[in-house]
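Survey of secondary and tertiary structure
Here is how the chains run, residue by residue.
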Amino acid sequence: MARIIEINGPLVRLELPGALLGEQVRVGALGLSGEVIAREGDTALAQLYEDSTGLAPGEPAEGLGHPLSVELGPGLLGGIFDGVQRPLEAIWQASGDRIARGVQIPALTRDRRWDFTPAADRLPGMVLNGGDILGTVPETASIEHRILVPPDVAGELLELAPAGDYDVDATLARIRMRDGTLRKLSLCQRWPVRRPRPFRRRNHAGEPLITGQRILDTFYPLLKGGKAAIPGPFGAGKTMLQHQIARWCNAEIVIYVGCGERGNELTDVLESLPKLTDPHSGRPLMERTLLIANTSNMPVVAREASVYVGITIAEYFRDQGYDVVMVADSTSRWAEALREVAGRLGQMPVEEGYPAYLGSRLAAFYERAGRVETLAGNTGSVTLIGAVSPPGGDFSEPVTSHTKEIIQTFWALSKELADARHYPAIDWLESFSGYVGEAAGWWAEHVDPDWAEARARALELLSESEELRRIVNLVGVEALSSEQRWSLEAAELIKEALLQQAATDAVDSYASPAKQYLLLAGLLAIHAEGLRLIALGVPARRLIELPVVAEARRWKTRYGDAELAALRERVAGLTEDFMKLEGEYAVASGSAARVAAEEGGQP
Amino acid sequence: MKNLEFRTASSARGGLLVMANVAGVAAGTRVGITDHSGRRRNGLVIRTSDDAVLVEVFEDTDDLDLERTWVRFLDEPYSLPVSRDILGRVFNGVGRPRDGRPPIVSGQHRDINGAPLNPAARAYPREFIETGLSAIDGMNSLTRGQKLPIFSGGGLPHNRVAAQIVRQARLLGEAAGDFAVVFAAFGVSSQDARFFQEGFEESGALERLVMFLNLADEPVIERLLTPRAALTAAEYLAFELDRHVLVVMTDMTAYAEALREVAVLRGDVPARKGYPGYLYSDLAELYERAGRIRNRPGSITLIPVLSMPSDDITHPIPDLTGYITEGQIVLSRELNAQGVYPPIAVLPSLSRLMKDGIGGDFTRPDHPRVASQLFASYARALEVRGLAAIIGAEDLSEGDRRYLEFAEAFERRFVGQAEGDQRDVYATLDLAWDLLSMLPAASLTRVSEEELAKHYKPGDKVTR
C-alpha cells in the first residue's frame, strides 16, 4: 500500500510502486498535494506544494497518474490563482482568510454556464486538427475566448454541439481519432505545465509592445513576442514599473505572476485594476488580466511551479491568436526555490549555492516566449518580462548574469536614480535593447520617419552629459563652453521632461507613441534652437533662463492624449520663444567684447 | 503518543538527537526531554521516518546520557495560549511569563507558525499611524498594515528609537482606542531588556503592550520562536479582537544569525555569507504576517529593527528584508556623531505606502507635497553642503548660503527631537513650513501656490 516513509521539510519519501517522474501525488490524511521528483525502486521522492507540519510516517499516499497540469478554458480571465492554479477567491470563500491545507477546488468554476457559438464552417465529417477553433465564448466584454481542439487531438468531427449555454465539463464535440478511438471535447482542456504547447513555426517579424512608458518605448523598445528582464535592487521601483506595464501595455491579455513577492503588492493590483480602463480598448483592465499569486510566505515548491503555470496559460491564449504579455515578478525567487529544493536533495551547488542547471532552466523558460504561427495558422505571441532581484543590487550574481545572456531587452533599474526620486529609475546607460532596428520600422511607419534619428540624438546628448557632468564635478561649471553648458542643460531637460514619468499622475501615467515622439522632438528642437543662438553669440546662461525651458518640463503633464494637437502646435511654434533673444543678439552679433562681458560678468 | 516516553536515543551531536524505533512521529511536533538528572529540555522534530526521528534540542545536547534520556513526543506544534489578558504582560521567547505573574490560562491555543494569508483575502494598507517622530511621520509615514524596517548599525541608538516609537505610537481619530503594541526583543542583553521593560512600565505604555523577551544567553532556537510567538499574539489581537496592532521587533540580525547557527547544525547548504538559501522565505514567513484582511477592522503593522553588519546595506539580512518590506528607515552614523537624535537619514529612507496613509483624508491636505518639497530642498541643501566643503562656505552665493542654513536647521530641529518629545503630525507639518520659509518661495515648486499663500511665512527669519 502506498504510504509515507520519511518527511524532511517539503520533501517526503513515499512507498509508491510504479510512480512516474513528475506525477502528482496526494499525501497524508489531509491530502496535501505534491509531485514526484525522483524514483528509486518502489520508493518515490516527492516535493509538496503545501507545508508538511503534522504529517507522520505511515500515513497514506496516492499517485494521481498525471503530471502537474493546468485547466484551460473560460473563467480564467479576471481571476487570481495560486502557484498550482487553485482559485484563491473560491478558496477564500471556502476556507477563510488563511489557506487551509489539502483544499482541492478546480481552477475553473463549475457553477457558471458559458454562451458557446460553434464556428460557422465546422460540419460533421470534416477532419479537425489540434489547434483548430471549435467555436467561441464571449468570456469578457473585451476578450472572446476561442475554444481550441487540444494539440494532441486530430481526427474526424462526428458531432458538434449547437449554440447554447454550457458549463465547462459539458461535451461539445466528439472526434474519432486516427487510431479509431473516440475523444469528447468540452470547453476546458488540460495541459502539463512543464511541456511547451506546440505551434507551427516561429514568426520573427513583429511590432513593438507599447507600454506608454517613454523610457521603455522610445529608448529601449521591446517587441511583441520578445524577452525582457528588469533587474533592480530593492527600492528601485521594480514593482511599480511592472504594474505600469501590466496596466498600460497594448497586449490583449496580461498574465501577472507574483512569484515569491509581497502580498500587499498583489492586493494593490487586485484593488486598482478593476478601477482602471485599458487605453487601447476602453474596457476595464481586469477583463484582460489574470493573476498568479505565490507570495513569499506561501510554500516554496509551489513558487517553483507558479511561473510554469503562468507561461502555459499564456501559451494557451497565444494559441487562440492573441498577443499575451506575461510579467514574472520575480524570477530570482523562482531561482531561489530551485536552489532550496536542490539543497535538500543534496545536489552539488555551483555558484552561490545555485544548482548547475540554473542557466539551462532559465534559458528554457524564456524560450517559451515568442511570436508564432499557431497550429491553426493564426498569429499569436507571448512576451515575457522577468523581474530579477539581484542580492545587494549586484548585477554580476548568477541569476542576473544568466538572464542577461538570454534576453534581448534589458531595463536596468538603478538605486542612485531611485534615491534621487528619478522614476522610473531606469539607467539609460546600463540598459539595452536588441530590437531597436525592428522597432524603428514601426515608428517610422506609424509615428514619424525621424524617430530613429531623434532617439539616437537624445541618447547621444545623455551620454555626452555624463562626461560633462564629470568635468563640472571636478572643476566647476565655468570650465564648460557655452555650447557644452547648453548641452548639459538639454540633457537635464530630457531627463526631467521625458525620462521621468509619474505613475501616479493621471495624465503622465500613460503616454501614447505620438505624444512620446512630440515631446522628444520638442525637446530636441529647443536644444537645436539654442545651439543656433549660441552660434550668434548668446551665452548659455541667457538660454537657460528662457521661460520655455521651465515650461517644457510641464508639457508631459499639461498635454494629455486629447490635447496632442495643441502640443504639436506648441512644438511647431518654438522658434518664437527664442526670437526676442535672437533679436537682441543679432544686432550685436560679431561683437566679441560683449560676449566676453556677458560670460565673465557673473561669477 | 504523547503519554509515551521513549528511551531509544541512538545518537546525539551538536544539538541534534536521533531517536530510533519510534514509528509515526509527526513532523514539526514539540518534544519534551528529561535527562538523567531530571532536567527538562525542549525540542522539535525536524525530520522523521520509520527508522529514525531527528530532534533538535533547544538547550543543547550537552551532558545527555543516551541510555538515561527520556523523550516524549507531544503531538502538537509550538503554540501560544491567547486571551484578552495577554495585554500588559511580559513573556519569554516561547510565551512563558517572565514578569513573575501566573501563566495565561486559556482554552485557546494558536500554532505559533501561523498559516499563510490567502492573497485574495488581503486588503491594501491604508490610513496613518503616528509615531510622534517628525522624520518618520512627516516624510516616511507609516501606514496601517505596512511593514517598515529600521536599518541601523552597531552602536547606533536603534533600541532607544524603537522604544520611543513603542511609547508614542498612536492612531488619529476614532480608532485611537483600538490601538495595541506587541514588542519583541531577541538576543538582547539583560541590560537592554531592563531598559525596555522599565521604560515601558514608567511611561504607562505597558497596559496596551505585550512584550516578548529572549535574552542573549537563552537558547538560540528560542530566538527563532520569539518573533513567531509575538506575531501570533498580534494576529490574535488584530483579527480576533479587532485591534490595530503595531509590532516592533529587535534585532532581526540576531534572529538571522540564530537561523544560520541552526542551519549549519542541520547541515543545510549555505548560500550567501553562510546563511541558508531559505533565509528569504523564512524572513518572509515572519514579515508577511503583517497586513490587513478584507472585512476585518484590525490590522498588523510591523517595524522590524535590524543592525546592518559593518553598516553594509547589501548584506543579506538588510538586503532580503528590503525586498520583502515596503520601504525602510535608515539611521545614519554621521548624524549620530553630530549628536542628532533620532539620527534618521531621510534621503535613503523610504515609505512606499506613504501615499495611501496621508493627505486630506488622514492627516492634512498639504502633507504629500510638503514631504516631497522637504525631500527636494534637503537634497539640494546637501549638494550645496558638498560644494561648500570643496570651495568653502564664503564663496557660496547668498541663495546657496540659505540652503546651508536650511540643512543645519532641518537636521537639528526637524529630524532631531528629544526622547520624551512627542510631536503630533500637525506640529510636524507646521515645523516643516517654518523651515521651508527659510528658502525663497520661488524655489518651492513641489507645493501648490495656495499652500504657499497659506503656510509660507516670508521674512520669518528662523534661527536655531
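In this text, all values refer to a predicted model and were calculated from it rather than measured experimentally. (Residues numbered from 1 in each chain as written. Chains lettered and ligands numbered in written order. Predicted model: local features only at pLDDT ≥ 70, side-chain atom pairs only at ≥ 80, totals over all residues. Heavy atoms only, no water.)

1. Comments concerning the overall build of chain B
Put simply, the rule reads: What counts as a helix is a DSSP run of H or I of at least four residues, what counts as a strand is a run of E of at least two, and both are numbered from the N terminus. The size measure is the radius of gyration over C-alpha atoms, and the globule rule it meets is 2.2 Å times the number of residues to the 0.38 power. Contact definition: two residues touch when any of their heavy atoms are within 4.5 Å. Each accessible area is a Shrake-Rupley result for a 1.4 Å probe, and residues are judged covered by the shown protein chains and nothing else. Charge convention: Lys and Arg are scored as positive, Asp and Glu as negative, and His as well as the terminal groups of each chain are ignored. The atom standing in for a charge is NZ when the residue is Lys, CZ when it is Arg, CG when it is Asp and CD when it is Glu.
Across its full length, chain B carries twelve helices and 22 strands. Taken over the C-alpha trace, chain B has a radius of gyration of 25 Å; the compact-globule value for 464 residues is 23 Å, and the two agree within 12%. Residue pairs in contact within chain B that sit at least 24 positions apart in sequence constitute 73% of those at least 6 positions apart. Just so you have it, chain B exposes about 17,200 Å², and 47% of that area is on carbon and sulfur atoms. Across chain B, the centroid of the 53 positively charged side chains sits 2 Å from that of the 64 negatively charged ones.

2. Focus on the side chain of glutamate 287 of chain A
Residues and elements named next belong to chain A. Here is the rule we go by: Relative accessible area decides the class of each residue, using a 1.4 Å probe on protein chains only: under 20% of the type maximum gives buried, over 50% gives exposed, and in between gives partly exposed. Any pair of N or O atoms that falls within 3.5 Å is considered a polar contact. Within protein, one atom must be able to donate a hydrogen and the other to accept it, and sequence-neighbouring residues count only if both atoms are side-chain atoms.
Note that glutamate 287 resides in the loop between helix H4 (263-272) and strand S21 (289-294). Exposure remark for glutamate 287: the relative accessible area of 15% places this residue in the buried category. A polar contact of 2.7 Å, which involves the side chain of glutamate 287, links it to the side chain of arginine 283. Once residues within four sequence positions are removed from consideration, glutamate 287 is found in contact with Leu77, Thr140, Ala141, Ser142 and Ile143.

3. Describing the interface of chain A and chain B
One frequent convention defines the size of an interface as the accessible area lost when the parts assemble. For clarity, the threshold we go by: Joining two parts hides part of their accessible area as seen by a 1.4 Å probe, and the buried area is that hidden amount summed over both. Just to be clear on terms, a salt bridge is a Lys or Arg side-chain nitrogen sitting within 4 Å of an Asp or Glu carboxyl oxygen. Here the term charged refers only to Asp, Glu, Lys and Arg, the term nonpolar to Ala, Val, Leu, Ile, Met, Phe, Trp, Tyr, Cys and Pro, and the term polar to all other amino acids, Gly among them. Here the rule is simple: two strands pair whenever DSSP picks up at least two bridges between them.
Counting residues at the interface gives 59 residues for chain A, matched by 60 residues for chain B. For the pair chain A and chain B, the summed buried area comes to about 4,900 Å², and 51% of that belongs to carbon and sulfur atoms. Of all residues in chain A, Arg98, Phe234 and Asn264 of chain A bury the most surface against chain B, accounting for 17% of the area lost on that side. Linking chain A with chain B are six salt bridges, by the criterion used here. Here arginine 294 of chain B and glutamate 89 of chain A are joined by a salt bridge, their closest N and O atoms 3.0 Å apart. Here chain A and chain B share 28 residue pairs in polar contact (both at pLDDT 80 or more) between them. Of all the secondary structure elements, the ones that give two or more residues to the side of chain A that touches chain B are strand S1 (3-8), helix H1 (88-95), H4, helix H5 (300-319) and helix H6 (331-344) of chain A. Classifying every residue of the side of chain A that touches chain B by side-chain character gives 21 nonpolar, 20 polar and 18 charged. Direction of pairing for S1 of chain A relative to strand S5 (residues 40-49) of chain B: antiparallel, over a ladder of two bridges. Bridge pairing in S5 of chain B links isoleucine 7 of chain A to threonine 48 of chain B.

4. Considering the sheet that holds strand S14 (residues 164-166) of chain A
What holds strands together in a sheet is hydrogen bonding between their backbones, with the strands either parallel or antiparallel. Residue and element names in this part refer to chain A. Short version of the rule: For every element, the axis is a line fit to its C-alpha atoms; helices are fit only across the contacting stretch, and the angle between N-to-C directions ranges from 0 to 180 degrees.
The antiparallel open sheet is built from four strands, whose spatial order is S12-S11-S9-S14. Single-partner strands in this sheet number two, and they are strand S12 (144-148) and S14. With direction set aside, neighbouring strand axes in the sheet form an average angle of 40°. Examined bridge by bridge, strand S9 (residues 114-118) and S14 share three bridges and lie antiparallel to one another. Residue tryptophan 114 lies in a different strand from S14, and its bridge partner there is tyrosine 166.

5. A short note on helix H12 (residues 482-499) of chain A
Along an α-helix, residues three or four positions apart point the same way, because every turn accommodates 3.6 residues. Just so we agree on the cut-off: Helix span, expected: 1.5 Å multiplied by one less than the number of residues in the helix.
With 18 residues, H12 of chain A should reach 26 Å at 1.5 Å per residue; the first-to-last C-alpha distance of 24 Å fits that figure. Of all 18 residues in H12 of chain A, 13 are buried, a share of seventy percent or more.

6. Description of the domain arrangement of chain B
Residue and element names in this part refer to chain B. Condition: Boundaries between domains were set according to an automatic or database domain assignment.
Partitioning chain B into structural domains gives domain 1 (5-73), domain 2 (79-356) and domain 3 (367-455). Each of domain 1 and domain 2 has a C-alpha centre, and the two are 32 Å apart. Taken together, the contact pairs eight residues of domain 1 with eight residues of domain 2. Counting the surface lost from both domain 1 and domain 2, the interface buries some 750 Å², and carbon and sulfur atoms represent 62% of this.

7. Digging into the pattern of salt bridges
Charged atoms that come close allow side chains of opposite charge to pair. All names here are of chain A. Tallied over the entire structure, the rule returns 79 salt bridges over all chains. Here glutamate 156 and arginine 176 are joined by a salt bridge, their closest N and O atoms 3.4 Å apart. Linking glutamate 156 in strand S13 (residues 155-160) with arginine 176 in strand S15 (residues 173-177), this pair joins segments that are 20 residues apart in sequence. Accessibility expressed as a relative area gives 30% for glutamate 156, which makes it partly exposed.

8. Comments concerning the nonpolar core
Residues and elements named next belong to chain A. So the rule is basically this: Put simply, a nonpolar core is a bunch of buried Ala, Val, Leu, Ile, Met, Phe, Trp, Tyr and Cys residues held in one set by side-chain atoms that sit within 4.5 Å of each other.
Counting 90 residues, the largest nonpolar core has Ile385, Trp411, Ile494, Ile526, Leu543 and Trp555 as its most contacted members. Looking at this core element by element, the count peaks at nine residues for helix H13 (residues 513-535). Looking at this core, you find at least three residues from each of domain 3 (201-436) and domain 4 (451-601). Discounting residues that sit within four places of it in the chain, isoleucine 385 has contacts with Leu209, Leu222, Ala228, Ile230, Ile245, Val325, Met326, Val327, Ala328 and Trp411. Among the nonpolar cores identified, the runner-up in size contains 76 residues, and Tyr49, Ile143, Met326 and Ile407 belong to it.

9. What to know about the packing of H12 of chain A against H13 of chain A
Residues and elements named next belong to chain A. Counted only if it meets this: An angle below 35 degrees is read as roughly parallel, one above 145 as roughly antiparallel, one from 65 to 115 as roughly perpendicular, and any other as oblique. In this scheme the crossing of two helices becomes right-handed for a clockwise turn of the near helix relative to the far one and left-handed for an anticlockwise turn of less than a right angle.
Their axes nearest at 10 Å, the elements H12 and H13 cross at an angle of 165°. On the basis of their axis angle, the class for H12 and H13 is roughly antiparallel. The crossing of H12 and H13 is right-handed. Contacts between H12 and H13 involve Ser482, Glu483, Trp486, Ser487, Ala490, Leu493, Ile494, Ala497 and Leu498 from the first element and Gln516, Leu519, Leu520, Leu523, Leu524, Ile526, His527, Gly530, Leu531 and Ile534 from the second. Taken together, the residues of the contact of H12 with H13 break down into 13 nonpolar, five polar and one charged.

10. Here's the deal with the packing of aromatic side chains
Residues and elements named next belong to chain A. Just so we agree on the cut-off: Whether two aromatic rings pair depends on their centres lying within 6.5 Å, for rings of Phe, Tyr and Trp, where Trp uses its six-membered ring; planes under 30 degrees apart make the pair stacked, over 60 edge-to-face, and the rest tilted. In our convention, an over-ring charge means Lys NZ or Arg CZ found within 6 Å of a ring centre and within 35 degrees of that ring's normal.
A full pass over the atoms with the stated rule returns 24 aromatic pairs over all chains. Three or more aromatic residues joined by ring pairs form one cluster here, namely Tyr308, Trp334, Phe365 and Tyr366. Against the face of tryptophan 191 rests arginine 197, its NZ or CZ located 5.4 Å from the ring centre.

11. Observations concerning the sheet that holds strand S12 (residues 128-130) of chain B
Residue and element names in this part refer to chain B. The sheet built from three strands is open, its strands ordered S13-S12-S15 with antiparallel pairing. The outermost strands of the open sheet, each flanked by one partner alone, are strand S13 (142-143) and strand S15 (170-171). Bridge count for S12 against S13 is two bridges, and the pairing is antiparallel. Note on S13: the bridge partner recorded for isoleucine 129 is leucine 142.

12. Quick word on the side chain of threonine 29 of chain B
Here threonine 29 of chain B lies in the loop between strand S3 (16-20) and strand S4 (30-34). Apart from residues lying up to four places away in sequence, threonine 29 of chain B is in contact with Gly43, Leu44, Val45, Phe73, Leu74, Asp75 and Glu76 of chain B.

13. What to know about the pairing of strand S20 (residues 253-259) of chain A
All names here are of chain A. Counted only if it meets this: Handedness of a crossover is defined as follows: orient the strands so they point away from the viewer, and if the path from the first strand over the helix to the second runs clockwise, the crossover is right-handed.
The element S20 is largely enclosed, with a buried count of seven among its seven residues. Residue alternation in S20 divides its side chains into two sets, Ile253, Ile255, Val257 and Cys259 and Val254, Tyr256 and Gly258, and both sets are buried. Of the pairings in the sheet, the one linking S20 to strand S22 (residues 323-329) comprises six bridges and is parallel in character. Paired with isoleucine 253 across the strands is valine 324, a residue of S22. At this point the chain moves from S20, through H4, to the parallel S21, and the crossover so formed is right-handed.

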